[in-house]
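Below, each chain spelled out in residue letters.
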Amino acid sequence: QVQLVESGGGLVQPGGSLRLSCAASGSIFRFNAMGWFRQAPGKQRELVELISNGGTTNYANSVKGRFTISRDNANNTVALQMNSLKPEDTAVYYCYADPPYTVTNWSRYWGQGTQVTVSS
């Protein structure tokens, strides 16, 4: 059974940095896209940034130039380096991983979420 375990959330002051990590266990295949969503109170979950298994990235305009995603295919991990954090970045961050589309009963895998709070 595939599990995604996140780490690295916490409280940080505006302008500070955090690094989120997500490790997948139990996988027998190489994931397609991996990435991060976030959900702030009262708002819909939104894509933050994703990275394909070939290294192509896509990100929300709100994090451009501040967040950087990376992945290690050999270890099935994905990380999100967040710099110049703003109070509006406060949210629960969820990592995800997409299995190959040839997998029977395809379903996206999600982590349990990690809280990021940006406040002085």
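Our structure's up above, just so we're on the same page.
In what follows, the accompanying structure is described. In every chain, residue numbers begin from 1 and rise along the written sequence. Per-residue local features are limited, in this predicted model, to residues with pLDDT of at least 70; the limit for side-chain atom pairs, both in listing and counting, is 80 or more; totals at the level of whole chains, interfaces and linings are taken over all residues. Hydrogens and water are ignored here; the side-chain numbers use all heavy atoms of the structure.

Another aspect to go through is the nonpolar core. Formed by 27 residues in total, the largest nonpolar core has its most connected members in W36, F67, V78, L80, M82 and Y93. Here a strand is any run of E in DSSP of at least two residues, a helix any run of H or I of at least four, and the numbering for each starts at the N terminus. Contributions of two or more residues to this core are made by β3 (18–25), β4 (34–39), β5 (46–51), β7 (67–72), β8 (77–82), β9 (91–97) and β11 (114–118). Whether two residues are in contact is decided by their heavy atoms: any pair within 4.5 Å suffices. Discounting residues that sit within four places of it in the chain, M82 has contacts with G16, S17, L18, L20, R66, F67, Y93 and V116. Nine residue types can take part in a nonpolar core, namely buried Ala, Val, Leu, Ile, Met, Phe, Trp, Tyr and Cys, and a core is a set of them joined through side-chain atoms within 4.5 Å. Exposed residues in this analysis have more than 50% of their type's maximum accessible area, buried residues have under 20%, and partly exposed residues fall in between, with area computed by a 1.4 Å probe over protein chains only.

As a further point, take the sheet that holds strand β1 (residues 3–7). In this scheme, strands are said to pair when DSSP sees at least two bridges between them. The strand order across the open sheet built from four strands is β1-β3-β8-β7, with neighbouring strands paired in antiparallel fashion. Across the chains shown, the open sheet's two edge strands, defined by having one partner strand only, are β1 and β7. In this sheet, adjacent strand axes meet at a mean angle of 15° when their direction is disregarded. By the bridge criterion, six bridges tie β7 to β8 in an arrangement that is antiparallel. Bridge assignment links R71 to a residue of β8, and that residue is V78. Between N-to-C directions, angles cover 0 to 180 degrees, with each direction set by a line fitted to C-alpha atoms, over the stretch in contact for helices.

Within the secondary structure, G16 sits in the loop between β2 (10–12) and β3. Given the relative accessible area of 18%, G16 is considered buried. Sequence spacing of G16 and S119 is 103 residues, and the spatial spacing of their C-alpha atoms is 9.8 Å. Residue contacts for G16: discarding those within four places in its chain leaves M82, N83, S84 and L85.

Attention now moves to the pattern of salt bridges. What makes a salt bridge here is a side-chain nitrogen of Lys or Arg within 4 Å of a carboxyl oxygen of Asp or Glu, nothing more. For the coordinates displayed, the defined rule picks out four salt bridges. Close ionic contact of E46 with R38 constitutes a salt bridge, the shortest N to O distance being 2.7 Å. The partner of D98 in a salt bridge is R108, and the shortest N-O contact between them spans 2.6 Å. Of the two residues, D98 is situated in the loop between β9 and β10 (109–110) and R108 in the loop between β9 and β10; the sequence distance between them amounts to ten residues. The class for R108 is partly exposed, based on a relative accessible area of 29%. If you follow the salt bridges from partner to partner, you end up with R38, E46, R66 and D89 in one network.

A word on the layout of surface pockets. Cavities and pockets are defined on a 1 Å grid built over the protein atoms alone: a cavity is a set of grid points where a 1.4 Å probe fits but cannot escape, while a pocket is an open set with protein on both sides within 12 Å along at least five of seven lines, and lining residues are those with an atom within 4 Å of any such point. Grid points are joined across faces, edges and corners, and a volume is the space filled by probe spheres set on the points. Approximately 160 Å³ is the volume found for the largest pocket. As for the largest pocket, its lining consists of R38, Q39, A40, K43, Q44, E46, S62, R66, E88, D89, T90 and A91.

So, on to the side chain of N32. Relative to the helices and strands, N32 resides in the loop between β3 and β4. According to the relative accessible area criterion, N32 is buried, its value standing at 18%. N or O atoms within 3.5 Å of each other form a polar contact, as long as, within protein, one can give a hydrogen and the other can take it, and as long as residues adjacent in sequence are counted only when both atoms are side-chain atoms. Of the polar contacts made by the side chain of N32, one reaches the backbone oxygen of P99; its length is 3.4 Å.

Time to look at the state of the cysteines. Linking two cysteines covalently via their sulfur atoms produces the bond known as a disulfide. Only a pair of cysteine sulfur atoms within 2.5 Å counts as a disulfide in this structure description. Throughout the structure, instances matching the rule amount to one disulfide. The disulfide partner of C22 is C95, and the S-S distance across this bridge is 2.0 Å. With C22 in strand β3 and C95 in strand β9, this pair connects stretches of sequence that are 73 residues apart. We classify C22 as buried; its relative accessible area is 1%.

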